[in-house]
Amino acid sequence: MSDDYVTYDDYDRAILQQMQRNAAQPLEELSEAVHLSRNAVWRRLKRLQDSGLLKARVALLDAQKIGLGLTVFVSISVRSHSKDWADQFTKVIRSLPHVQSAYRTSGHQDYLIKARIRDVQAYDELYQRLISRIELADVSASFVMEELKDTTELPLP
């Protein structure tokens, strides 16, 4: 975790909140929503991007509509905790396109992975690819039955 905080003011906060909800809105709409001129908003956006606070502007797809309607959380325990093993694991995980996020965690499991897949058979294919490429001690999966909240929006203090 980094302590490289980027400072921002109330106008930046308003811009970032708007951008998190709709990064594709025209600059004119954004400037109207935050009560700043178009040029002022553009300069602030540029500064927020250059600082790294605004990492990317992306399109969010409907996973169901592209045939990836099943979310699975995969808990992984490992035997090895060497740097070489961890580097290899990172390479393997980053090469699997269905894996949306992966975390090294504390507690009973060592890693937690979130993947979007077509169905249980697709999970088995993902599982087989994973275990064929790296040694794992234990793998367990939890399939999402109902999505109660899923957002990319971060709260802005």
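If you're wondering where the values come from, they're calculated on a predicted model, not measured in any experiment. Here, residues in each chain are numbered from 1, in the same order as that chain's written sequence. In keeping with the predicted nature of the model, local features appear solely for residues at pLDDT of at least 70, side-chain atom pairs appear and are counted solely at 80 or more, and the whole-chain, interface and lining totals rest on all residues. The basis for every side-chain value is the complete set of heavy atoms in the structure, and neither hydrogens nor water enter the calculation.

Draft legend 1. How the structure looks around empty space enclosed by the protein. Grid spacing is 1 Å over the protein atoms alone, the probe is 1.4 Å, and a cavity is where that probe fits but cannot get out, while a pocket is an open set with protein on both sides within 12 Å along at least five of seven lines and lining residues have an atom within 4 Å of a point. Grid points are joined across faces, edges and corners, and a volume is the space filled by probe spheres set on the points. The tally for this structure, following the rule as stated, stands at one cavity of 30 Å³ or more. Considering only enclosed or pocket space, the largest cavity measures out at about 50 Å³ in volume. Taken together, V74, L96, V99, I113, Y123, L126, Y127, L130 and V139 make up the lining of the largest cavity. Per the convention used, a helix needs a DSSP run of H or I reaching at least four residues, while a strand needs a run of E reaching at least two, with both numbered from the N terminus. It is helix α5 (residues 120–133) that contributes the most residues to the lining of the largest cavity, four residues altogether. Amino acids are sorted into nonpolar (Ala, Val, Leu, Ile, Met, Phe, Trp, Tyr, Cys and Pro), charged (Asp, Glu, Lys and Arg) and polar (every other residue, Gly among them). Looking at the lining of the largest cavity residue by residue, the class counts come to nine nonpolar, no polar and no charged.

Draft legend 2. Quick look at the sheet that holds strand β3 (residues 111–117). Between any two strands, pairing holds if DSSP finds at least two bridges. Across the sheet, which stays open at both edges, the four strands sit in the order β2-β3-β1-β4 with antiparallel pairing between neighbours. The sheet terminates laterally at β2 (99–104) and β4 (138–143), the two strands that pair on one side only. Averaged over all adjacent pairs, the angle separating strand axes in this sheet is 20°, with direction ignored. Two elements, β2 and β3, share five bridges in a ladder whose sense is antiparallel. When the bridges of β3 are listed, V99 appears paired with A115. In this description, contact between two residues means that some pair of their heavy atoms is separated by no more than 4.5 Å. Comment: axis = line fitted to C-alpha atoms, over the contacting stretch for helices; angle = value between 0 and 180 degrees taken between N-to-C directions. Docked against the sheet, helix α4 (residues 83–94) engages β1 (70–77), β2 and β3, running at close to 15° with respect to β3. Strands β1, β2, β3 and β4 of the sheet are contacted by α5, whose axis makes an angle of about 160° with β4.

Draft legend 3. Region of the structure containing the side chain of R116. One can find R116 in strand β3. Here the term buried applies to any residue with accessible area under 20% of the maximum for its type, exposed to any over 50%, and partly exposed to those in between, with areas from a 1.4 Å probe on protein chains only. According to the relative accessible area criterion, R116 is buried, its value standing at 12%. Contacts described as polar in this section are N or O atom pairs within 3.5 Å, which, within protein, must combine one atom able to donate a hydrogen with one able to accept it, while residues neighboring in sequence count only if both atoms come from side chains. Side-chain polar atoms of R116 contact the backbone oxygen of L68, separated by 3.1 Å. Discounting residues that sit within four places of it in the chain, R116 has contacts with A63, Q64, L68, G69, L70, T71, H98, Q100 and E147.

Draft legend 4. Here's a closer look at the packing of aromatic side chains. Aromatic pairs are defined between Phe, Tyr and Trp rings, using the six-membered ring for Trp, whenever the two ring centres lie within 6.5 Å; interplanar angles under 30 degrees are classed as stacked, those over 60 as edge-to-face, and all others as tilted. Counted under the stated rule, the structure contains five aromatic pairs. Judged by centre distance (5.9 Å) and plane angle (45°), the ring pair of W85 and Y111 falls under tilted. Of this pair, W85 sits in helix α4 while Y111 sits in strand β3, and the two are 26 residues apart along the sequence. As far as the burial class goes, W85 and Y111 line up, both buried. Among the aromatic residues, ring-to-ring pairing joins W85, F89 and Y111 into one connected group.

Draft legend 5. Broad picture of the nonpolar core. Here, the term nonpolar core denotes a set of buried Ala, Val, Leu, Ile, Met, Phe, Trp, Tyr and Cys residues that are joined through side-chain atoms within 4.5 Å. Counting 21 residues, the largest nonpolar core has I76, F89, L130 and L136 as its most contacted members. When contributions to this core are tallied by element, the ones reaching two or more residues are β1, α4, β3 and α5. Core analysis: the next-biggest nonpolar cluster, separate from the first, contains 12 residues, L30, V34, L36 and V41 among them.

Function cannot be inferred from these measures alone, as they are strictly geometric.
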